[in-house]
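Each chain is listed here by its residues.
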Amino acid sequence: MSTNISTKIDIQKIAKSRISEVDFENLVFGSTFTDHMFECDFVDGEWQTPKIRPYQPLVMEPSSKVFHYGQAVFEGMKAYKDEDGKVFLFRPDQNQKRINISAKRLAIPEFPEEYFMDGLITLMKMDHEWIKPGEGNSLYIRPFVMATEPGVVASRSNNYKFMIICSPVKPYYKGEVKVEIAQKFSRAADGGVGYAKAAGNYGAQFYPTKLAIEKGYQQVIWTDASTHSFLEEAGTMNVFFRVNDTLLTAPISDRILDGVTRKSLIQIAKDQGIPVEERRVTVKEIVAAAQDGTLKEIFGAGTAAVISPIIAFAYDEIEYDLPKLENSYAQQLKKYVTDIQYNRSEDPYGWRFEVKI
Ligand code: COI
């Protein structure tokens, strides 16, 4: 992958940047957007000339299929700025590939790799001033595709819009996270869309999560749909358990997102000599480990939060607290991965991708 642009993008710049109106110290995650957005329409069986426009509302038919049947997929990625003002993306090739894996599952046409990368890089070059250096600051990048064909017949759309919008952010979670293990609701089932970043996957979590929040838990740890006995994901993230010194996480399947943070942490942990087991993790063994004191940590891993340590979980209405550890795996792994992301350390894996401004 290079930063040379080969795609012809039709660009209209904003007349006056909105950046001076933004309070970068008090951002609410994902609610402020940069000056420009990337868009590309799929019409008549092909992707048209991509465009960059000032960030603005869209005009869409109320019957557009995305509103009725949820035919939409998205990605989450981040750009970081180092202390010298250099801009980096983290493993953008992984998001580019995954959006097409998700798209295929939703019968959405693949978006060409060069359009994705050229659109992303051009947008970064145009809006790089919105990326602030410093721990916790980043630009959350949201590529997505949605079905735009009008008509309420329940069939795949013939028209789509691919977009990239960008939001300057601070850390995703403020404060400590407690979770409840799901015993009734499910996030994903075999043969379903759990592995895809399908919009509806997330929308379907809101009601069970609302019930958990009412009980004092910020997130739900999702279990398998058939037996509720295997631990699968936490909220919108992959989930890791540390029992004694071993890290456990569910293997990739139909039901589990192949998380970029997940796979990066597994690689780092193994290379740091931490034993990692990718296998089905049972509720029973984690409750038993909490009871006998061998459960040391639980943490979520995803692009938005990077690593989100969990301080307690509830199961069968009983709350189990996790110990407060010095030098936890969560801290060590977060430092390792964010040092790469912010260009504070060597990048032995080649994950950092510099956008030459
Ligand atoms: C991620 O962390 O990767 C996400 O997709 C979170 C997003 C739903 C805000």
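Structural data are supplied above this passage.
Owing to the predicted nature of the structure, the values given are computational and were not obtained by experimental measurement. (Residues numbered from 1 in each chain as written. Predicted model: local features only at pLDDT ≥ 70, side-chain atom pairs only at ≥ 80, totals over all residues. Heavy atoms only, no water.)

**Student:** Can you walk me through the packing of helix α2 (residues 92-105) against helix α3 (residues 113-127) in this structure?
**Tutor:** Think of two packed helices as two axes; the pair is described by the angle between the axes and how far apart they sit. Contact pair α2 / α3: the axes reach a minimum separation of 10 Å and the direction vectors enclose 135°. Here α3 runs oblique to α2, going by the angle between their axes. For the element pair α2 and α3, the recorded crossing hand is right-handed. Residues P92, N95, Q96 and I99 of α2 form the contact with α3, whose participating residues are E113, F116, M117 and L120. Among the residues forming the contact of α2 with α3, the class breakdown is five nonpolar, two polar and one charged. (Axes fitted to C-alpha atoms, helices over the stretch in contact; angles between N-to-C directions. Helix = DSSP H or I, 4+ residues; strand = E, 2+ residues; numbered from the N terminus. Parallel < 35°, antiparallel > 145°, perpendicular 65-115°, else oblique. Left-handed = near helix turned anticlockwise from the far one by under 90°. Contact = heavy atoms within 4.5 Å. Nonpolar A, V, L, I, M, F, W, Y, C, P; charged D, E, K, R; others polar.)

**Student:** Just to check I follow, could you spell out the nonpolar core for this structure?
**Tutor:** Nonpolar side chains in soluble globular proteins tend to be buried together. In terms of nonpolar packing, the biggest core is built from 52 residues, with F38, W47, L120, M124, I141 and F162 touching the most fellow members. Element by element, the count of residues in this core is highest for α3, at seven residues. Counting only domains with at least three residues in this core, you end up with domain 1 (10-171) and domain 2 (177-325). In this structure I141 touches E75, G76, M77, K78, A79, L89, L120, M124, I164, I165 and C166, once residues within four positions along its chain are discounted. (Core = buried A, V, L, I, M, F, W, Y, C linked by side-chain atoms within 4.5 Å. Buried < 20%, exposed > 50% of the residue type's maximum accessible area, 1.4 Å probe, protein only. Domains from an automatic or database assignment.)

**Student:** Explanation requested: the side chain of T34 in the structure shown.
**Tutor:** Following the sequence through the fold, T34 ends up in the loop between β1 (10-11) and β2 (36-43). Take T34: its relative accessible area is 0%, and that puts it in the buried class. Beyond its immediate sequence surroundings of up to four residues, T34 is in contact with R18, Y55, D127, W130, L139, C166 and P168.

**Student:** Just checking my understanding: could you explain helix α7 (residues 283-292) for this structure?
**Tutor:** Along an α-helix, residues three or four positions apart point the same way, because every turn accommodates 3.6 residues. Looking at α7, one finds that the buried residues are V283, I286, V287 and A289. Relative to the axis of α7, the buried residues are bounded by an arc of 160° and lie together on one face. Relative to its buried face, α7 has exposed residues pointing more than 90 degrees away, namely K284, Q291 and D292. Two residues or fewer after α7 comes G293, characterised by a positive phi angle close to 85°. (Arc of directions from axis to C-beta.)

**Student:** I'm lost on the site of the ligand in this one. Help?
**Tutor:** Taken together, Y140, R142, Y172, K197, Y202, T236, G302, T303 and A304 make up the full set of residues near the ligand. A distance of 2.6 Å separates an oxygen atom of the ligand from a polar atom in the side chain of K197. In this structure, T303 approaches the ligand through a main-chain N or O atom, which is 3.1 Å from an oxygen atom. For the ligand, whose unbound accessible area comes to 280 Å², protein coverage reaches 90%. Residue composition of the shell around the ligand, grouped by class: four nonpolar, three polar and two charged. (Near = heavy atom within 4 Å. Polar contact = N/O pair within 3.5 Å; in protein donor to acceptor, adjacent residues only side chain to side chain. Areas by Shrake-Rupley, 256 points an atom, 1.4 Å probe, with all protein chains shown as cover.)

**Student:** What is the right way to look at the pattern of salt bridges in this model?
**Tutor:** One pass over the structure, following the stated rule, counts 23 salt bridges. Across the pair K170 and E25 runs a salt bridge whose closest N-O atoms are separated by 3.3 Å. Of the two residues, K170 sits in the loop between β9 (160-169) and β10 (177-181) while E25 sits in the loop between β1 and β2, which places them 145 residues apart along the sequence. For K170, a relative accessible area of 16% gives the class buried. By relative accessible area, E25 is classed as exposed at 56%. Across the pair R279 and E277 runs a salt bridge whose closest N-O atoms are separated by 2.7 Å. Among the residues examined, E277 registers a relative accessible area of 35% and is labelled partly exposed. Sharing partners across several salt bridges, the network here consists of E135, K335, D339 and R344. (Salt bridge = Lys/Arg side-chain N within 4 Å of Asp/Glu carboxyl O.)

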